[in-house]
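Topology and contacts: notes
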Amino acid sequence: MTTELGMRVALGQLPRLSEASLAFARQLGVSGIQLNTPDLPGSHRWEASDLRQLRETCEASGLRLEAIENLPNHFYEHCMTGGPNRESEVEHVVATIRNLGEAGIPVLGYNFMPGSVWRTWMRRDGRGGALVNGFDQAVTDDPARADEVIIARRDRRLADPWVRGAHLLPTLQINESTLWEHYRWFMRRIVPAAEDSGVTLALHPDDPPVPMLGGVARLFRSVGALEEALDVVPSERAAIDLCLGTVSEMGGELAVLQAIQSLGPRGKICYVHFRDVKGTVPVFEECFLGEGNFRPLRVMRALRDSGFAGFILDDHAPGLVDDSDYGHRGRAHAIGYLQGLLEAISDEADVAASARTFND
């Protein structure tokens, strides 16, 4: 969904707020931040008072809390898998959405990946020895190489957010048609709450975008599937968290531009993860901006021309020498790159406007 604030860069994927993280955002010159699976109280839902405190803490530092992305997996795992507790879980999700609205937080990014994010290597040497992650489907298809599989666990309260050599849902089998049924059931219950609360729900594509992993289907692996997701419950409060890296995994620059040209003019790009990879499924590796599948300036222009007016995040930045676990150095590089791109397309618009004035 577009906003009146215009295209802008935010500091992304923070698990919690601290004086240091808020100072880092201010030093980088961004106007807002996004939290990913924040470390909040609550075993089944988040309460308005805790959410409001997050927003107020940001605002006290002169920053906007743009969005929260990702509920912990266990908040709605049965909703995704059709488990026996899905009715109670969806009630808690609805309550959390209403509490976000009450707290004045305008966006909830979410995914519908019961099997979560998969990688088959992490912290391998990339450009200049920077540490990067990647995926090779041949590894996931080989039972003898199961110990090489690394899967994200969406809960920041865990000491280690990744688990190696084990499926999150080891005995579960879900085909594509059944998972679509679960998604439709879920959206029909949560979209009305989002509409009532003024909260936009932003769907993240499946990462990696392959048909199935570990016996569990993956729905949102193409631009067409993202378009189909928006038609399940048509609403101004249903949009896409456009992860350019995941879309690039689908089909490189062509897929990225297709997604922007399809979703942008409809006002369905809520916000953007601006990252890239080298290669596409079945094998890809994360990388620095400018060395991947797409040309960043061309993509930023496409976002502008599509009418997108939301915020843009750094995401999955390579780890630089002596970097922190959060990746402060890699993220600072990515954010500076994004700020330069935005300045470039702003200058282009100014030159074009001046030319029109002169010709008139």
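Everything here concerns the structure above.
Residues numbered from 1 in each chain as written. Predicted model: local features only at pLDDT ≥ 70, side-chain atom pairs only at ≥ 80, totals over all residues. Heavy atoms only, no water.

**Focus: the side chain of S306**
Among the secondary structure elements, S306 is positioned in the loop between α9 (296-305) and β17 (311-313). Look at S306 and you get buried, because its relative accessible area is 9%. Setting aside chain neighbours within four positions, we find S306 in contact with I260, G264 and P265. (Helix = DSSP H or I, 4+ residues; strand = E, 2+ residues; numbered from the N terminus. Buried < 20%, exposed > 50% of the residue type's maximum accessible area, 1.4 Å probe, protein only. Contact = heavy atoms within 4.5 Å.)

**Overview of the packing of helix α3 (residues 73-81) against helix α6 (residues 176-197)**
Direction vectors running N to C along α3 and α6 enclose 125°, while the axes themselves pass 7 Å from each other. As judged from the angle between their axes, α3 and α6 are oblique. Of the residues in α6, those touching α3 at Y76, C79, M80 and T81 are L179, H182, W185 and F186. Here the contact of α3 with α6 is composed, by residue class, of six nonpolar, two polar and no charged. (Axes fitted to C-alpha atoms, helices over the stretch in contact; angles between N-to-C directions. Parallel < 35°, antiparallel > 145°, perpendicular 65-115°, else oblique. Nonpolar A, V, L, I, M, F, W, Y, C, P; charged D, E, K, R; others polar.)

**Brief notes about the pairing of strand β6 (residues 121-125)**
Bridge count for β6 against strand β7 (residues 131-136) is three bridges, and the pairing is antiparallel. The residue of β7 that forms the bridge with R124 is V132. What sits between β6 and β7 in their antiparallel hairpin is a turn of five residues, with G128 showing a positive phi close to 65°. (Pairing = 2+ DSSP bridges.)

**Describing the sheet that holds strand β14 (residues 269-273)**
Strand order around the closed barrel formed by eight strands is β1-β2-β3-β4-β10-β13-β14-β17, with parallel pairing between neighbours. On average, each strand axis in the sheet is tilted by 30° relative to the strand beside it, whichever way the strands run. Bridge count between strand β3 (residues 64-69) and strand β4 (residues 107-110): two bridges; the pairing is parallel. Among the inter-strand pairings, I68 is bridged to a residue of β4, identified as L108. Strands β13 (238-243) and β14 of the sheet are contacted by helix α8 (residues 244-263), whose axis makes an angle of about 135° with β13.

**What to know about the pattern of salt bridges**
Counted by the stated rule, this structure contains 20 salt bridges. Of the charged contacts in the structure, one is a salt bridge between R275 and E286, with a shortest N-O distance of 4.0 Å. Here the residue R275 occupies a position in the loop between β14 and β15 (276-278), and E286 occupies one in strand β16 (residues 283-287), the gap between them amounting to 11 residues. The salt bridge partner of R331 is D314, with a shortest N-O separation of 2.6 Å. Of this pair, R331 sits in helix α10 (residues 328-359) while D314 sits in the loop between β17 and α10, placing them 17 residues apart in sequence. Classification of R331 by relative accessible area gives buried; the value is 10%. (Salt bridge = Lys/Arg side-chain N within 4 Å of Asp/Glu carboxyl O.)

**Overview of helix α2 (residues 48-60)**
With 13 residues, α2 extends 18 Å from end C-alpha to end C-alpha; this agrees with the ideal 18 Å at 1.5 Å per step. Burial in α2 covers these residues: A48, L51, L54, R55 and C58. Along the axis of α2, the buried positions cluster into a sector of 125°, meaning they face one direction only. The outward face of α2, more than 90 degrees from its buried face, is lined by the exposed residues Q53 and A60. G62 sits one or two positions beyond α2 and adopts a positive phi of about 80°. (Expected span 1.5 Å × (residues − 1). Arc of directions from axis to C-beta.)

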